Amino acid sequence: MAIGTSSGGIKAFYEILPDFSKNDAYAVLIVVHMNQKEVSDSFAKRLNEKCQLEVKSATHAMTIEPGTAYVIPGGFHAEVLKKGEEAIISLHEGPKVNFVRPSIDVLMKSVAEVFKENSIGILLTGMGMDGAQGMKAIKDAGGSTIAQNKTTSAVFSMPRHAIELDCVDKVLPLQEIRDETIKLVEEKVSQKAKAD
Amino acid sequence: MSKKVMIVDDDKSIVELVQIVLKRKGYEVYGAFGGEECIKSIGGINPDILIMDVMMPDMNGWEVLKKLKEDGILEHIKVIMLTVVKEPFEEYSDLSPYVLDYITKPCSNEDILEGVKRLSEL
């Protein structure tokens, strides 16, 4: 699951992530537009104090473990890569995308490529258009997408761009995103069990 | 050490009120009554957190941030924008990594205190 946000997103994460249970069915990858690694590291530490999930700052080549949330460090793009049976996080300082690094599009496109129909993209409050193409990639890969609605978004630009691309399954108030996500995870686990 | 907060608003009563509220909570608070005053004085203050109004007669808050970014002053400052608009112009999208919080006006003292507390913990 990839969740992206920018302005107003810290408050949004403090409101929804603590309610996500520590569950072996999923891992969460988090991009908040921040330019300093020190700030994103502090954010990961604060989130970890508030959450049932273990929240870590992502480091290069780190293996993605279920029941864990990873905050992508400020100043770095992150992509998920397949390494044998595992998925790992690759960090790099490539050119800014949509004026930002980390970019939500970069992360979500890689999540779509690796996890395909099992991927979930969530786009919360934020400035600019980052995240819209990433959400489209997840949708095109057969995954599921949710965007925060205008009423509960501090800044609606990012969710609006994704909605305009017609790649968002559900537009929800922040408070309903958690329940919808849990429902989606359960559905995907059951579908995968049937397929196996 | 207490965190330094700077509030920029052309409405003097708002600047003074926020200064009182934040000082009571132990923050070191500085005010500027407009964009130009902010640009002139911020270098000597070097705040941890900048609370910036958007609609100001001399310069809009986004233009002030743009100038501070160009001057290399914004790099280590966490910004809270105060505005009535939920969708800023796309041309300011590159400021997104600096604007970590966004408070919609009208807002209460509590909203501002919570925003400052959230960012001062990072």
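In case you missed it, the structure is sitting above this.
So, a few notes on the structure that sits alongside this text.

Scanning chain B from N- to C-terminus turns up four helices and five strands. Listed N to C, the secondary structure of chain B is β-α-β-α-β-α-β-β-α in terms of helices and strands. Scaling as 2.2 N^0.38, a compact globule of 122 residues should have a C-alpha radius of gyration of about 14 Å, and chain B matches this with 13 Å. Overall size of chain B, expressed as C-alpha extent along the three principal axes, is 35 × 30 × 25 Å.

In this section: unusual backbone geometry. Here the bond from arginine 101 of chain A into proline 102 of chain A is cis, since omega is 15°, no more than 30 degrees from zero. Structurally, proline 102 of chain A is set in the loop between strand E7 (86–92) and helix H3 (104–115). A cis amide bond, omega -5°, links lysine 105 of chain B with the succeeding residue proline 106 of chain B. At alanine 61 of chain A, a position not held by glycine, the phi torsion is positive, near 70°. Mapped onto the elements, alanine 61 of chain A comes out in the loop between strand E3 (54–57) and strand E4 (62–63). Looking at alanine 61 of chain A, the relative accessible area reads 42%, which means it is partly exposed. Positioned with a positive phi, phenylalanine 99 of chain A is a non-glycine residue whose angle comes to about 70°. Structurally, phenylalanine 99 of chain A is set in the loop between E7 and H3.

Residue and element names in this part refer to chain A. Strand order across the open sheet formed by seven strands is E3-E5-E2-E1-E8-E9-E10, with parallel pairing between neighbours. Sheet topology places E3 and strand E10 (170–172) at the edges, where each strand pairs with a single neighbour. On average, each strand axis in the sheet is tilted by 20° relative to the strand beside it, whichever way the strands run. Across four bridges, E3 lies against strand E5 (residues 68–71) in parallel orientation. Bridged to serine 57 within E5 is valine 71.

Take the pattern of salt bridges next. Summed over all chains, the structure comprises 14 salt bridges over all chains. Note that lysine 67 of chain B is salt-bridged to aspartate 71 of chain B, the shortest N-O span being 3.0 Å. By relative accessible area, which is 33% here, lysine 67 of chain B ends up partly exposed. For aspartate 71 of chain B, a relative accessible area of 39% puts it in the partly exposed group. Members of the salt-bridge network, linked through shared partners, are Lys170, Glu180 and Lys183 of chain A.

The calculated volume of the largest pocket comes to roughly 650 Å³. Considering the residues around the largest pocket, the lining is formed by 23 residues, among which Ala25, Tyr26, Ala27, Phe115 and Asn118 of chain A are closest to the centre. Elements with a minimum of two residues in the lining of the largest pocket: E7, H3 and helix H6 (174–195) of chain A. Ranked by the residues each element gives to the lining of the largest pocket, the list is headed by H6 of chain A, at four residues. Taken together, the residues of the lining of the largest pocket sort by class into 13 nonpolar, three polar and seven charged. Its volume calculated, the second largest pocket comes out at about 390 Å³. Taken together, 21 residues form the lining of the second largest pocket, with Lys11, Glu15, Thr152 and Ala154 of chain A together with Tyr102 of chain B sitting closest to its centre.

Reading the values: rules and limits
- Each residue is numbered by its place in its chain's sequence as written, counting from 1.
- Written order decides the labels, with chains lettered from A and ligands numbered from 1.
- Residues qualify for local features only when their pLDDT is at least 70, as the model is predicted, and side-chain atom pairs are given and counted only at 80 or more; totals for whole chains, interfaces and linings, by contrast, use all residues.
- In computing side-chain properties, one takes all heavy atoms of the structure into account and sets aside hydrogens as well as water.
- Only DSSP runs of H or I reaching four residues or more are called helices, and only runs of E reaching two or more are called strands; each is numbered from the N terminus.
- Just to be clear, the radius of gyration here is over C-alpha atoms, and the globule rule we use is 2.2 Å times residues to the power 0.38.
- Any residue under 20% of the maximum accessible area for its type is buried, any over 50% is exposed, and the rest in between are partly exposed; the area is computed with a 1.4 Å probe on protein chains only.
- Two strands qualify as a pair provided DSSP detects at least 2 bridges between them.
- Note on definitions: angles span 0 to 180 degrees between N-to-C directions of axes, and those axes are lines fitted to C-alpha atoms, for helices only across the stretch in contact.
- Any Lys or Arg side-chain nitrogen found within 4 Å of a carboxyl oxygen on Asp or Glu counts as a salt bridge.
- Residues are called lining when one of their atoms sits within 4 Å of a cavity or pocket point, these points coming from a 1 Å grid over the protein atoms alone, where a cavity is a set in which a 1.4 Å probe fits but cannot get out and a pocket is an open set with protein on both sides within 12 Å along at least five of seven lines.
- Grid points are joined across faces, edges and corners, and a volume is the space filled by probe spheres set on the points.
- Basically, the charged four are Asp, Glu, Lys and Arg, the nonpolar ten are Ala, Val, Leu, Ile, Met, Phe, Trp, Tyr, Cys and Pro, and anything else, Gly included, counts as polar.

That's the geometry; what it means functionally is another story.
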